[in-house]
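Architecture and fold: a report
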Number of protein chains: 2
Amino acid sequence: MKNQFITPDGYTSDIAVFTITSEKVGEYKPPKKELKIMLIKRSELDHEGNPNMEAGKWALPGGFVRPYETAFQAAERRLAEETGVDGLKIKHFGVYDSPGRDQRGWIISNAHYVIANEAALRSRKKTYDASEIELFSLEEAVELDLAFDHRTIIDDALWFIKKDMALTTLAKHFLPDEFVLSELQGVLLTVLDDSSISTDAAFFRKAPTLPFIKAVSENGKHKKSNRYSKTPAQLYRFNDFQPIVSVYRNKLKG
Amino acid sequence: MKNQFITPDGYTSDIAVFTITSEKVGEYKPPKKELKIMLIKRSELDHEGNPNMEAGKWALPGGFVRPYETAFQAAERRLAEETGVDGLKIKHFGVYDSPGRDQRGWIISNAHYVIANEAALRSRKKTYDASEIELFSLEEAVELDLAFDHRTIIDDALWFIKKDMALTTLAKHFLPDEFVLSELQGVLLTVLDDSSISTDAAFFRKAPTLPFIKAVSENGKHKKSNRYSKTPAQLYRFNDFQPIVSVYRNKLKG
DNA sequence: TTTTTAATTAACATATTGTTAATTGTTTAT
DNA sequence: ATAAACAATTAACAATATGTTAATTAAAAA
């Protein structure tokens, strides 16, 4: 029952993959962390050997949604096909359907963001669709001549990540399962600007009471790590608690 | 350059219109408030005179997005066309594209919610597309045999409204420009369950300090209203302050 | 004049924050 | 071995905010 209605010329999914890289600044020191986005350079030719639209430009990974597939599933599939990266937290955050956003016609993009810890992106690799694949800092990324309206999509994705980082346990996905408080603090500070996070005394006093993280213990004793300090630091992990906040009540509800 | 790619069979927008009705319970008493959703009954015939899909069922207002139009613009247009309602706060909150959600083929819905204060919905009217148009409580709505996957969309819309009501100044759109605190409290309680809102002493102490509302004054004096009480109650209005909350810091940031 | 009722305000114990200063536990340099 | 360095805590205390129960206020209605 096709073509009964006026239809778009294409239905796609794009994925903004974010990670936080750690740069070692010295033995027993918390590393320098930076938010990065993974972009691909669009191949010159498509699968049929025709010139690719916006070829040679840096872009978000993505592609057409197939029939019998949702945009979300397409995002998962394309991310794996195009970059070799698999099994990450994907979130749909918007639809981009302004007339003229794609030269090829009326093409709709479902935008997703993905949070990956650095380790997960080690498996990234070039593919047929991506002649290059690289991590960029956000400052670098906005300097690039990006394909389509991907600049806008990235700006919006960043806004959603900041919001979700503040309101949910999104930080979890940037971190290893077991982490020390300075790691959590570092992750938060790459995205959020907040004195109660950046002030050590305030953060270290408050963090252990957060209902969504829990100190790890090993046969009755507190499990500690020296990875970033001489003083052994307590390891924590996220639990499944979903915090709820409200502008009409400051206190977290349990 | 059409049909170069596999395309959906239709691209639509649907709109979940919410309002809070006030039922008078007596002179000088705060009214009983209830959250309602506006649904339409789908006409038997479409514009071409053909039988309408899911005709006779209750459904969200909505319709096909035209080329050179965004889903958001289509939501505005369809809401006006189909219900006669205009100029309200519309928010896109999701995409529904599961295979099989619409018998007619691969049809994508962009879901929006709309918040209307009761007065704005007075202009609602039946149209060609809607043989009936009515407000339902949420309990009533879920009992209905709704068209397509509109039951799911309504459930999700409700979740978004609860979230936005707690985290933003969404309540503003349910209220008249100038309101008394018991009205704000009533609106919040139709959607949120929170002791610091339902406890009068706590709410009345806290509310005047909220950074996003401001007491109204008229030539130097506090402007008051007797609409719901013998004691004149202070009138407030929302300002443009956008509150920010975080799970890592309870206190509201200014 | 008294009662009634919503809208406040008061009062007080408890909990949470902001801030500055002190301690602790290890490694590394003397 | 001793001391210096330094991240990771703890402590201490004043300033705010919250939970709760009780009192006050203002106008209408009995």
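In what follows, the structure referred to is the one given above.
The structure displayed is predicted, hence computed values, not measured ones.

Conventions we followed
- Residues numbered from 1 in each chain as written.
- Chains lettered and ligands numbered in written order.
- Predicted model: local features only at pLDDT ≥ 70, side-chain atom pairs only at ≥ 80, totals over all residues.
- Heavy atoms only, no water.
- Core = buried A, V, L, I, M, F, W, Y, C linked by side-chain atoms within 4.5 Å.
- Buried < 20%, exposed > 50% of the residue type's maximum accessible area, 1.4 Å probe, protein only.
- Contact = heavy atoms within 4.5 Å.
- Buried area = accessible area lost by both parts, 1.4 Å probe.
- Salt bridge = Lys/Arg side-chain N within 4 Å of Asp/Glu carboxyl O.
- Polar contact = N/O pair within 3.5 Å; in protein donor to acceptor, adjacent residues only side chain to side chain.
- Helix = DSSP H or I, 4+ residues; strand = E, 2+ residues; numbered from the N terminus.
- Nonpolar A, V, L, I, M, F, W, Y, C, P; charged D, E, K, R; others polar.
- Expected span 1.5 Å × (residues − 1).
- Least-squares fit on C-alpha atoms with pLDDT ≥ 70 in both.
- Axes fitted to C-alpha atoms, helices over the stretch in contact; angles between N-to-C directions.
- Parallel < 35°, antiparallel > 145°, perpendicular 65-115°, else oblique.
- Left-handed = near helix turned anticlockwise from the far one by under 90°.
- Phe/Tyr/Trp six-rings, centres within 6.5 Å; stacked < 30°, edge-to-face > 60°.
- Pairing = 2+ DSSP bridges.
- Near = heavy atom within 4 Å.

Looking now at the nonpolar core. Among the nonpolar cores identified, the biggest contains 94 residues, and Phe18(A), Leu184(A), Tyr248(A), Phe18(B), Leu184(B) and Tyr248(B) are the most heavily contacted of them. Ignoring any residue separated from it by four or fewer positions in sequence, one finds Leu184(A) in contact with Ala171(A), Leu175(A), Phe179(A), Phe203(A), Ile213(A), Phe238(A) and Tyr248(B).

Here the focus is the interface of chain B and chain A. Residue-level contacts link 54 residues of chain B with 55 residues of chain A. When chain B packs against chain A, the two sides together hide about 4700 Å² of surface, and 60% of this comes from carbon and sulfur. In this structure, the connection of chain B to chain A is made through zero salt bridges. For the interface between chain B and chain A, the tally reads six residue pairs in polar contact (both at pLDDT 80 or more). Broken down by secondary-structure element, the contributors of at least two residues to the side of chain B that touches chain A are strand S1 (10-23), strand S5 (89-96), strand S6 (107-117), helix H3 (150-167), helix H4 (181-191), helix H5 (195-198), strand S14 (244-246) and strand S15 (249-253) of chain B. For the side of chain B that touches chain A, the element with the highest residue contribution is S15(B), accounting for five residues. Here the side of chain B that touches chain A is built from residues that sort into 30 nonpolar, 11 polar and 13 charged.

Turning our eyes to something else, we now look at H3(B). Helix length check: H3(B), at 18 residues, gives a terminal C-alpha distance of 25 Å against a target of 26 Å (1.5 Å per residue), a fit within 8%. Along H3(B), the positions that sit buried rather than exposed are His150(B), Ile153(B), Ile154(B), Ala157(B), Leu158(B), Ile161(B), Asp164(B), Met165(B), Ala166(B) and Leu167(B).

A separate point is the relation of the copies chain B and chain A. Two copies of a chain can be linked by a rotation about an axis combined with a shift along that same axis. Of the two same-sequence chains, chain B is brought onto chain A (RMSD 0.0 Å, axial shift 0.0 Å) by a rotation of 180°. What the superposition gives is, in effect, a two-fold axis relating one chain to the other. Mapped onto chain A, 100% of the interface residues of chain B are again interface residues, and the two copies thus contact each other with one and the same surface.

Bringing the packing of H3(B) against H4(B) into the picture now. Residues and elements named next belong to chain B. Axis separation between H3 and H4 bottoms out at 10 Å; the angle between their running directions is 140°. On the basis of the axis angle, H3 is oblique to H4. Note that H3 runs across H4; the crossing there is left-handed. Packed against H3, whose contacting residues are Ile161, Lys162 and Met165, the element H4 presents Val187, Leu188 and Val191 at the interface. Class assignment for the residues of the contact of H3 with H4 results in five nonpolar, no polar and one charged.

So, on to the packing of aromatic side chains. Evaluation of the coordinates by the stated rule reveals 18 aromatic pairs over all chains. Ring centres of Phe93(B) and Phe160(B) lie 5.1 Å apart, and the angle between their planes is 40°; on these two criteria the pair is classed as tilted. Here Phe160(B) lies in helix H3 and Phe93(B) lies in strand S5, a separation of 67 residues in the sequence. What links up through ring pairs into an aromatic cluster is the set Phe93(A), Tyr113(A), Trp159(A) and Phe160(A).

It is worth spelling out the pattern of salt bridges at this point. All names here are of chain A. Taken as a whole and judged by the stated rule, the model has 38 salt bridges over all chains. One salt bridge connects Lys91 with Asp164, and the closest N-O pair in it is separated by 2.9 Å. One end of the pair, Lys91, is in strand S5 (residues 89-96); the other, Asp164, is in helix H3 (residues 150-167), and 73 residues separate them in sequence. Residues Asp164 and Lys163 are paired through a salt bridge, measuring 3.9 Å at the closest nitrogen-oxygen approach. Salt bridges sharing partners connect three or more residues here, namely Arg66, Glu69, Arg77, Arg78, Glu81 and Glu82.

All names here are of chain B. One ladder, built from two bridges, connects strand S8 (residues 179-180) with strand S13 (residues 233-238); its direction is antiparallel. Residue pairing across strands places Phe179 opposite Tyr236, the latter belonging to S13. Examined bridge by bridge, strand S9 (residues 213-215) and S13 share three bridges and lie antiparallel to one another. Among the inter-strand pairings, Ala215 is bridged to a residue of S13, identified as Tyr236. Here strand S12 (residues 224-225) pairs with S13 via two bridges, running antiparallel. Bridge pairing in S13 places Ser225 opposite Ala233.

What follows is about the protein's contact with DNA strand D. Taken together, 24 residues lie around DNA strand D, and Ser182(A), Thr231(A), Arg205(B), Lys206(B) and Thr231(B) are the ones closest in. At a separation of 3.0 Å, a phosphate oxygen of DNA strand D approaches a polar side-chain atom of Ser182(A). Taking Lys206(B), its side chain carries an N or O atom lying 2.6 Å from a phosphate oxygen of DNA strand D. Elements that contribute at least two residues to the surface near DNA strand D include exactly helix H6 (200-206), strand S13 (233-238) and strand S15 (249-253) of chain A together with helix H6 (200-206) of chain B. With four residues, the top contributor of residues to the surface near DNA strand D is H6(B).

This next bit is on the environment of Tyr248(A). When you line up the elements, Tyr248(A) lands in the loop between strand S14 (244-246) and S15. The class of Tyr248(A) is buried, set by a relative accessible area of 3%. Distance in space between the C-alpha atoms of Tyr248(A) and Thr127(A) is 50 Å, their sequence separation being 121 residues. Ignoring anything within four residues of it in the chain, the contact list for Tyr248(A) reads Met165(B), Ala166(B), Thr168(B), Ala171(B), Leu184(B), Leu188(B), Ser196(B), Ile197(B), Lys206(B), Leu210(B), Phe212(B) and Phe238(B).

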